[in-house]
Amino acid sequence: MQQLLYKYLVLHNRLNIPSLGSFSVGYAPAQYNPQDGSLLPKQPILQFRDGPPATADTGLLPFLAAELNVSPTVAANELLNFSLQVMAELVEHKRAHLKGIGFLTKDGTGQLH
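Residues numbered from 1 in each chain as written. Predicted model: local features only at pLDDT ≥ 70, side-chain atom pairs only at ≥ 80, totals over all residues. Heavy atoms only, no water.

**Quick look at the overall build of the chain**
As a reminder, the rule being used: The helix and strand labels rest on DSSP assignments: H or I over at least four residues marks a helix, E over at least two residues marks a strand, and numbering proceeds from the N terminus. Only C-alpha atoms enter the radius of gyration; for comparison, a globular chain is expected to reach 2.2 Å times N to the power 0.38, where N is the number of residues. With a 1.4 Å probe rolled over the protein chains alone, any residue whose accessible area is under 20% of its type maximum counts as buried; one over 50% counts as exposed, and the rest are partly exposed.
For the chain, the helix and strand inventory stands at three helices and seven strands. Mapped from its N terminus to its C terminus, the chain presents α and β elements in the order α-β-β-β-β-β-α-α-β-β. Rg of the C-alpha trace for the chain: 17 Å, well past the compact-globule value of 13 Å for 113 residues, more than 25% over. With respect to the three principal axes, the spread of C-alpha positions in the chain is 55 × 35 × 25 Å. The 113 residues of the chain split such that 26% are buried.

Set out below in structure tokens:
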């Protein structure tokens, strides 16, 4: 599931995981290097927002269903199971590793970062 979620994030520059939050890819602007006169390209920045997304992502479940070759209902259950596993890991260890994306951590107030 993690590989598919990473693939979706790369393809769509956003990923909303129920019960966890939303990832989005932004870009830091290009920078001029005065030492050699080169222009450094814009750099991707992964951002995370805790809580439900402002707008629902209607493309994720059809994407997962097609990739897994299952119905959208089965894909929704798989996504929910993944989300619950991550939440359990956060409760137990205060952090969870999402391959290709990074670590989610839970602070003392329960906020995810």
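The structure having been displayed, the exposition proceeds.
**Digging into the sheet that holds strand S5 (residues 43–50)**
Pairing between the strands of a sheet is mediated by backbone hydrogen bonds and can be parallel or antiparallel. The condition that has to hold: Strand pairing is assigned whenever DSSP identifies at least 2 bridges connecting the two strands. Interaxial angles span 0 to 180 degrees and are taken between N-to-C directions of axes, which are lines fitted to C-alpha atoms, for helices over the stretch in contact.
Strands sit in the order S1-S2-S5 across an open sheet of three strands; the sheet is antiparallel. Every interior strand has two partners, whereas the edge strands, strand S1 (14–17) and S5, have only one. When strand polarity is set aside, the average angle formed by the axes of neighbouring strands in this sheet is 20 degrees. The sheet contact formed by S1 and strand S2 (residues 21–28) spans four bridges and is antiparallel. Bridge pairing in S2 links leucine 15 to phenylalanine 23.

**Structural notes on the pairing of strand S6 (residues 95–98)**
Along a regular strand, successive side chains alternate from one face of the sheet to the other. Along S6, the buried face is formed by Ala96 and Leu98; none of Arg95 and His97, which line the opposite face, is buried. Across four bridges, S6 lies against strand S7 (residues 102–105) in antiparallel orientation. Bridge pairing in S7 links leucine 98 to glycine 102. The turn linking S6 back onto S7 is made up of three residues, and glycine 100 within it adopts a positive phi angle of 85 degrees.

**Observations regarding the nonpolar core**
Generally speaking, soluble globular proteins have nonpolar side chains that are buried together. For the record, the criterion: Here, the term nonpolar core denotes a set of buried Ala, Val, Leu, Ile, Met, Phe, Trp, Tyr and Cys residues that are joined through side-chain atoms within 4.5 Å.
Leu5, Leu15, Phe23, Leu64 and Val86 are the most contacted members of the largest nonpolar core, which totals 22 residues. Of all the secondary-structure elements, those providing two or more residues to this core are helix H1 (2–12), S1, helix H2 (60–68), helix H3 (72–93) and S6.

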